Amino acid sequence: MNVKLYIDGLFYKGSGIGRYYESLTKELAKRDIKIYTCVPKSLRDDFEEDFADVSKNLEPIFVDYYKFSIKGFFKQSQILKKLEREVDIFFYPHINLPLYVPKNIVTTIHDLRPLTEFWDRNRIKKHLYKFYLRRALKRSTKIVLISKTVAHEVVERFNVNRNKIKVIYEFIDDKFKKHFEIEKPIIQEDYILFIGNRKKHKNLKNLILAYSKIKDIIGVKLV
């Protein structure tokens, strides 16, 4: 094993970012890459079961704090300092960098939702997001953006050096492939397919409003 990675696992069992972490960690571990990862100890049983097939390449560190916690902001710094000589790259699936940030940090930014009209939480969390976002943009060696649109927004709003940015699109996990193996289509006609939940930032409301204005023109169903 030549490359050693640290992948932050505090979002494990979260929704989108949790799946992103799980799928990416498994895929890299399959490639014989040594991975260190911090995971909340309350999720230890789930972690050991989910990652049993690649456990020989994983070094989990079970911690007593969660993502965006004050305790984690300080305590994780101690762990990263100890790992700094062992690890080549520190990867964060989100912007929750701790107080101490080693070299060779790669951070993924999925969107800027808290800075938009679709943010449906309080102002304190919005300011907290800004704090972490600015630190991540400044401290990261490389920043992974999941689309050109998000990359453009980050560059324009925060004057980030384009050389730090790499656009890598999201992926489909193997476990979802079975859902595409349908012998007979559920909808026979042509249709527009919406995929996602009904949270405000998914923008389903505006999709329905827009569709209602053109449905008679395009003659296509909205599913």
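Every value quoted in this text rests on a predicted model; they were computed, and no experiment measured them.

The rules behind these values
Residues numbered from 1 in each chain as written. Predicted model: local features only at pLDDT ≥ 70, side-chain atom pairs only at ≥ 80, totals over all residues. Heavy atoms only, no water. Pairing = 2+ DSSP bridges. Helix = DSSP H or I, 4+ residues; strand = E, 2+ residues; numbered from the N terminus. Axes fitted to C-alpha atoms, helices over the stretch in contact; angles between N-to-C directions. Contact = heavy atoms within 4.5 Å. Core = buried A, V, L, I, M, F, W, Y, C linked by side-chain atoms within 4.5 Å. Buried < 20%, exposed > 50% of the residue type's maximum accessible area, 1.4 Å probe, protein only. Polar contact = N/O pair within 3.5 Å; in protein donor to acceptor, adjacent residues only side chain to side chain. Right-handed = clockwise from strand over helix to strand, strands pointing away.

Caption draft 1: Structural detail: the sheet that holds strand 7 (residues 165-167). Judged by pairing direction, the sheet is parallel, and its 7 strands sit side by side in the order 3-2-1-4-5-6-7 without closing on themselves. A single partner strand is all that each edge strand has here, and the edge strands are strand 3 (58-63) and strand 7. Geometrically, the sheet is characterised by an average inter-axis angle of 20° between neighbouring strands, direction not taken into account. By the bridge criterion, 3 bridges tie strand 4 (residues 89-92) to strand 5 (residues 105-109) in an arrangement that is parallel. Note that in strand 5 the partner of Tyr92 across the bridge is Thr107. On top of the sheet, helix 1 (residues 16-30) reaches strand 1 (4-7), strand 2 (34-40), strand 3, strand 4, strand 5 and strand 6 (142-145); it is set at about 155° to strand 2, its chief contact.

Caption draft 2: Quick peek at the nonpolar core. By size, the foremost hydrophobic cluster in this structure holds 35 residues, and its most contacted members are Tyr6, Ile109, Leu112, Leu133, Leu137, Leu145 and Val154. Where this core is concerned, the elements lending two or more residues are strand 2, helix 3 (70-83), strand 4, strand 5, helix 4 (123-139), strand 6 and helix 5 (148-158). In this structure, Val154 is in contact with Leu112, Leu137, Leu145, Asn159, Val160 and Ile165, ignoring residues within four places of it in sequence. Membership of the second largest hydrophobic core comes to 17 residues, among which are Ile7, Leu43, Phe47 and Val54.

Caption draft 3: Spotlight on the side chain of Gln76. Note on placement: Gln76 falls in helix 3. Here Gln76 falls in the buried class, since its relative accessible area comes to 1%. Side chain to side chain, Gln76 and Asp8 meet in a polar contact 2.9 Å long. For Gln76, the residues in contact, after removing those within four places along its chain, are Tyr6, Asp8, Leu10, Cys38, Tyr65, Tyr92 and Pro98.

Caption draft 4: Quick look at the pairing of strand 6. As judged from the 4 bridges shared by strand 5 and strand 6, these two strands associate in the parallel manner. Of the residues in strand 6, the one forming a bridge with Thr107 is Ile143. In this region the chain leaves strand 5, passes through helix 4 and returns to the parallel neighbour strand 6; the handedness of that crossover is right-handed. Pairing analysis gives 3 bridges linking strand 6 to strand 7, with the strands arranged parallel. Paired with Val144 across the strands is Lys166, a residue of strand 7. Traced from strand 6 through helix 5 to strand 7, the parallel crossover comes out right-handed.

Caption draft 5: Main features of unusual backbone geometry. Located in the positive-phi region is Phe68, a residue other than glycine, with phi close to 60°. Structurally, the position occupied by Phe68 is in the loop between strand 3 and helix 3. One non-glycine residue, Asn203, adopts positive backbone phi at about 65°. Mapping Asn203 onto the fold places it in the loop between strand 8 (191-192) and helix 6 (204-218).

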